[in-house]
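Tertiary structure, described
Okay, here's what each chain looks like letter by letter:
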Amino acid sequence: MGSYGNLARRALETEMPIMVQMQELLRGAKNAVSLAQGVVYWQPPKQALEKVKELVWEPSISRYGADEGLPELRAALVKKLRNENNLHKSAVMVTAGANQAFVNLVLTLCDVGDSVVMFAPYYFNAYMSFQMTGITNILLGPGNPETLHPDVDWLERILSESKPVPKLVTVVNPGNPTGSYIPESLLKRISDLCKNAGSWLVVDNTYEYFMYDGLKHTCVEGNHILNIFSFSKAYGMMGWRVGYIAYPSEVEGLAAQLLKVQDNIPICASIISQHLALYSLEMGPGWVTERVKTLVKNREIVLEALSPLGEGSVKGGEGAIYLWAKLPDRHGYDDFEVVRWLANRHGIAVIPGSACGSSGNLRISFGGLTENDCRAAAERLKKGLEELVSNGLVQD
């Protein structure tokens, strides 16, 4: 008979997914509204969905496809990478979302006992991916307290002083959970440091189209760099699960090792989802950016709702769909207790910063609601924060 003691330590010692905890919290909180999960309010392009409907009875939809993705989708993505991302030496593997892309890379690039580098606050699923694959030597770098950019001077010291050198460095740009954007010059410096040290650099570009205030997203390319992209947020395809890896085509043997991992996890991404991704891609980036523009007002609404926390308490939001808010220091609140209190007392859900390695903060997502619904949710949030600041965690 099985027992808890016979379960794998790597699973037991992996953090519980914060979104699973939030789903449980939302089920128990009466009529709570979520500013927690990183989603967008729109669906995939209508024209793309109409085309996919016609494919349902096509026999190839129900069969396995090429492990690395539909040839026509991969060809379209290579063209997109060249035209939009200035990536000219990258091959493509299509995955079941960006999270699976990241797991593929960890399994392909890292061994148990390797050290890796992340920057706090970090994307919780990336941290869990290291934990569950036995990569327990996770070096957490600090961020600039004002910009939340990775502390590159710290990275330079770590890469020069650590023996052996960390196998992999990873960043999300623009950031999850902060919405901060790493400028091109800083990203290139990170890339150069990794190249000189012999470390891989993995950049998650899931929010490449989600840029505000005139900022422009950029990518870096090199034989030590792997870029991750996603259809989930850009095209409203969260449940369809399509992402992709842009990996250096000149690195001998890399494609073959990626295929080993891919064949043992999904075999291939859902065929019908890949067709939807292809049809959505045909709409062009303008389809996405028009919808991203509507989030500027949401960001403004949520930013105002966070005003009770005081001047300088809210950071990020230059990109992605997140704001990062610091809770008042003087009360020493446990951020998860604040999250539970907000959900149960005020009917509003946000993410605790402790899930991202930075306790005492909150992550607020402004992408998942239309403007009117966002305004209603923001009213709840502001009311809750006003009570928190004035009276603490009031219990009836």
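Residues numbered from 1 in each chain as written. Predicted model: local features only at pLDDT ≥ 70, side-chain atom pairs only at ≥ 80, totals over all residues. Heavy atoms only, no water.

**As for the packing of aromatic side chains**
What counts is decided by this rule: Each pair of aromatic rings taken from Phe, Tyr and Trp, with Trp reduced to its six-membered ring, is defined by centres within 6.5 Å and is described as stacked if the planes are under 30 degrees apart, edge-to-face if over 60, and tilted in the remaining cases. Only DSSP runs of H or I reaching four residues or more are called helices, and only runs of E reaching two or more are called strands; each is numbered from the N terminus. Only protein chains enter the accessibility calculation, which uses a 1.4 Å probe. A residue is then buried if its area is under 20% of the maximum for its type, exposed if over 50%, and partly exposed in between. Charge-over-ring contacts are defined here by two conditions on Lys NZ or Arg CZ: a distance within 6 Å of the ring centre and an angle within 35 degrees of the ring normal.
Within the structure shown, the criterion is met by 13 aromatic pairs. The interplanar angle of 85° and the centroid separation of 5.1 Å between the aromatic rings of Y41 and W42 together place this pair among those described as edge-to-face. Taken together, a centroid distance of 5.4 Å and an interplanar angle of 75° make the contact between F102 and F130 edge-to-face. Of the two residues, F102 is situated in helix 5 (residues 98-109) and F130 in helix 6 (residues 124-132); the sequence distance between them amounts to 28 residues. Overall, F102 belongs to the buried group, its relative accessible area being 6%. Judged by relative accessible area, which is 0%, F130 ranks as buried. Members of the aromatic cluster, joined through ring pairs, are Y41, W42, Y207, F210 and Y322. Geometry around F229 places K80 over its ring, the cationic atom sitting 4.3 Å from the centre.

**A closer look at a nonpolar patch on the surface**
Cut-off, in case you're wondering: Only residues whose relative accessible area exceeds 30% and that form no salt bridge enter a patch; like-charged residues are grouped when within 9 Å of one another, and nonpolar side chains (Val, Leu, Ile, Met, Phe, Trp, Tyr) when within 5 Å. Here, Shrake-Rupley sampling with a 1.4 Å probe gives the accessible areas, and only protein chains in the shown set may cover a residue. Criterion for a salt bridge: a side-chain nitrogen of Lys or Arg within 4 Å of a carboxyl oxygen of Asp or Glu.
Together, Y4, L7 and L12 make up an exposed nonpolar region whose accessible area comes to about 320 Å². With respect to the helices and strands, the residue L7 is situated in the segment before helix 1 (9-12). On the accessibility criterion, L7 (46% relative accessible area) is partly exposed.

**Considerations on the pattern of salt bridges**
If you walk through the whole model with that rule in mind, you get 16 salt bridges. E371 serves as the salt-bridge partner of R375, at 2.9 Å between the closest nitrogen and oxygen. Of the two residues, R375 and E371 are both situated in helix 14 (residues 371-391); the distance of four residues between them amounts to about one turn of the helix. We classify R375 as partly exposed; its relative accessible area is 34%. Residue classification places E371 among the partly exposed positions, given a relative accessible area of 36%.

**Topic: the pairing of strand 2 (residues 90-95)**
With six of six residues buried, strand 2 lies mostly within the body of the structure. Neither face of strand 2 is open: one carries S90, V92 and V94, the other A91, M93 and T95, and all of them are buried.

**Looking at the nonpolar core**
This is how the line gets drawn: Buried residues of nine kinds, namely Ala, Val, Leu, Ile, Met, Phe, Trp, Tyr and Cys, make up a nonpolar core once their side-chain atoms join them within 4.5 Å. Only heavy atoms matter for contacts: two residues are in contact if any of them lie within 4.5 Å across the pair.
By size, the foremost hydrophobic cluster in this structure holds 111 residues, and its most contacted members are F210, F231 and L381. The contacts of L381, once residues within four sequence positions are left out, are L35, A305, L306, L342, I348, V350 and I364.

**Quick look at the packing of helix 5 against helix 9 (residues 254-264)**
This is how the line gets drawn: Comment: axis = line fitted to C-alpha atoms, over the contacting stretch for helices; angle = value between 0 and 180 degrees taken between N-to-C directions. Reported orientations rely on four angle classes, namely roughly parallel under 35 degrees, roughly antiparallel over 145, roughly perpendicular from 65 to 115, and oblique for the rest. Helix crossings are classified by the rotation of the near helix relative to the far one: an anticlockwise turn of less than a right angle makes the crossing left-handed, while a clockwise turn makes it right-handed. As a working rule, the residues Ala, Val, Leu, Ile, Met, Phe, Trp, Tyr, Cys and Pro are called nonpolar, Asp, Glu, Lys and Arg charged, and the rest polar, with Gly in that last group.
Between helix 5 and helix 9, the least distance of the axes is 9 Å, while the angle of their chain directions is 120°. Regarding the angle of helix 5 to helix 9, the classification is oblique. Here the hand of the crossing between helix 5 and helix 9 comes out right-handed. On helix 9, the residues that touch Q100, N104, L105, L107, T108 and L109 of helix 5 are L254, Q257, L258, V261 and Q262. In the contact of helix 5 with helix 9, the residues fall into six nonpolar, five polar and no charged.

**Section: the side chain of S129**
By secondary structure assignment, the location of S129 is in helix 6. A residue is classified by how much of its surface remains accessible, and S129, at 7% relative accessible area, is buried. Setting aside anything within four residues of it in sequence, one finds S129 in contact with F102, V103 and V106.

Read these as geometric descriptors, not functional statements.
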